[in-house]
Amino acid sequence: LPVDPATVLPVLLGPGLDGLGERVVRFFVSVWDDPVARGPFLSLIRSVAGHEESATMFRQFITEQLLGPLAAAIGRPNARLRATLVGSQLVGLAMVRYVVKVEPLASASADQVVAAVAPTIQRYLTGDVCDLGPPAADSAATG
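What counts and how
- Residues numbered from 1 in each chain as written.
- Predicted model: local features only at pLDDT ≥ 70, side-chain atom pairs only at ≥ 80, totals over all residues.
- Heavy atoms only, no water.
- Helix = DSSP H or I, 4+ residues; strand = E, 2+ residues; numbered from the N terminus.
- Expected span 1.5 Å × (residues − 1).
- Buried < 20%, exposed > 50% of the residue type's maximum accessible area, 1.4 Å probe, protein only.
- Contact = heavy atoms within 4.5 Å.
- Arc of directions from axis to C-beta.
- Polar contact = N/O pair within 3.5 Å; in protein donor to acceptor, adjacent residues only side chain to side chain.
- Patch = residues over 30% accessible without salt bridge, like charges linked within 9 Å, V, L, I, M, F, W, Y side chains within 5 Å.
- Areas by Shrake-Rupley, 256 points an atom, 1.4 Å probe, with all protein chains shown as cover.
- Salt bridge = Lys/Arg side-chain N within 4 Å of Asp/Glu carboxyl O.
- pLDDT = per-residue confidence, 0-100.
- Phe/Tyr/Trp six-rings, centres within 6.5 Å; stacked < 30°, edge-to-face > 60°.

Draft legend 1. View of helix α5 (residues 79–99). Its 21 residues place the ends of α5 29 Å apart at the C-alpha level, agreeing with the 30 Å of an ideal helix rising 1.5 Å per residue. Burial in α5 covers these residues: Ala79, Leu81, Arg82, Ala83, Val86, Gly87, Leu90, Leu93, Ala94, Arg97 and Tyr98. Check the buried side of α5 and you find it contacts α2 (20–33), α3 (35–50), α4 (52–74) and α6 (110–126). Of the residues trailing α5, Lys101 is marked for its positive phi of about 60 degrees.

Take a look at the structure:
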């Protein structure tokens, strides 16, 4: 990948949780807007969508290298859920803006995308989120 999470996360997290949503979205969009960086990410997204082994490898990578460290840095209740919600929002953004290219999001400026998406990311990080409880398999086994 053109981005090393071990290098990027400390820079994004360094200033603290205030404004982290904006920093994350701005960085994400800047990487995806770069044609050189976009290519490997597009290949990765397409690969995980149609190949279970690739999906498993990507899930392991994203959990260990991105979501785990982000959850640890959040330091709030439901930190893992919060980090996963951030990831889901960003993957959805990538799919709609860069893969499927749905308008008007596909041609919006980086500043417009940041203004629209960052507040949601910030809420996931520091605002109210519901507790989803145990995974469905755990619920079925116990109830």
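Read on for the rest.
Draft legend 2. Representation of α3 in the model. With 16 residues, α3 should cover 22 Å at 1.5 Å per step; its first-to-last C-alpha distance of 23 Å lies within 8% of that length. Of the positions making up α3, those classed as buried are Ala37, Phe41, Leu42, Ile45 and Val48. Buried residues in α3, looked at end-on, bunch into an arc of 140 degrees, giving them a common side. The outward face of α3, more than 90 degrees from its buried face, is lined by the exposed residues Pro35, Val36, Arg46 and Gly50. In this structure, the buried residues of α3 make contact with α2, α4 and α5. Among the residues of α3, the N-terminal cap falls to Asp34, whose side-chain oxygen and the backbone nitrogen of Val36 are separated by 3.0 Å.

Draft legend 3. Fine view of a nonpolar patch on the surface. Together, Val96, Val100 and Val102 give the surface a local cluster of nonpolar side chains, amounting to about 210 Å² of exposed area. Structurally, Val102 is set in the loop between α5 and α6.

Draft legend 4. Inspection of the side chain of Ser54 at higher detail. Following the sequence through the fold, Ser54 ends up in helix α4. Setting aside residues up to four positions removed in sequence, Ser54 forms contacts with Ser47 and Val48.

Draft legend 5. Geometry of the confidence of the model for the protein. Per-residue pLDDT for the protein has a mean of 88; in total, 93% of the residues score no lower than 70. Mean pLDDT values over the elements of the protein span from 46, in helix α7 (residues 136–142), up to 97, in α6. Low pLDDT (under 50) marks residues 138–143, which in the prediction has 1 contact with non-local residues, meaning those over four places away or in another chain.

Draft legend 6. Seen up close, the packing of aromatic side chains. Counted under the stated rule, the structure contains 3 aromatic pairs. Ring centres of Phe28 and Trp32 lie 6.0 Å apart, and the angle between their planes is 40 degrees; on these two criteria the pair is classed as tilted. Residue Phe28 and its partner Trp32 are both found in helix α2; the two are separated by 4 residues, about one turn of the helix. You'll find Phe28 and Trp32 in the same group, each marked buried. Three or more aromatic residues joined by ring pairs form one cluster here, namely Phe28, Trp32, Phe41 and Tyr98.

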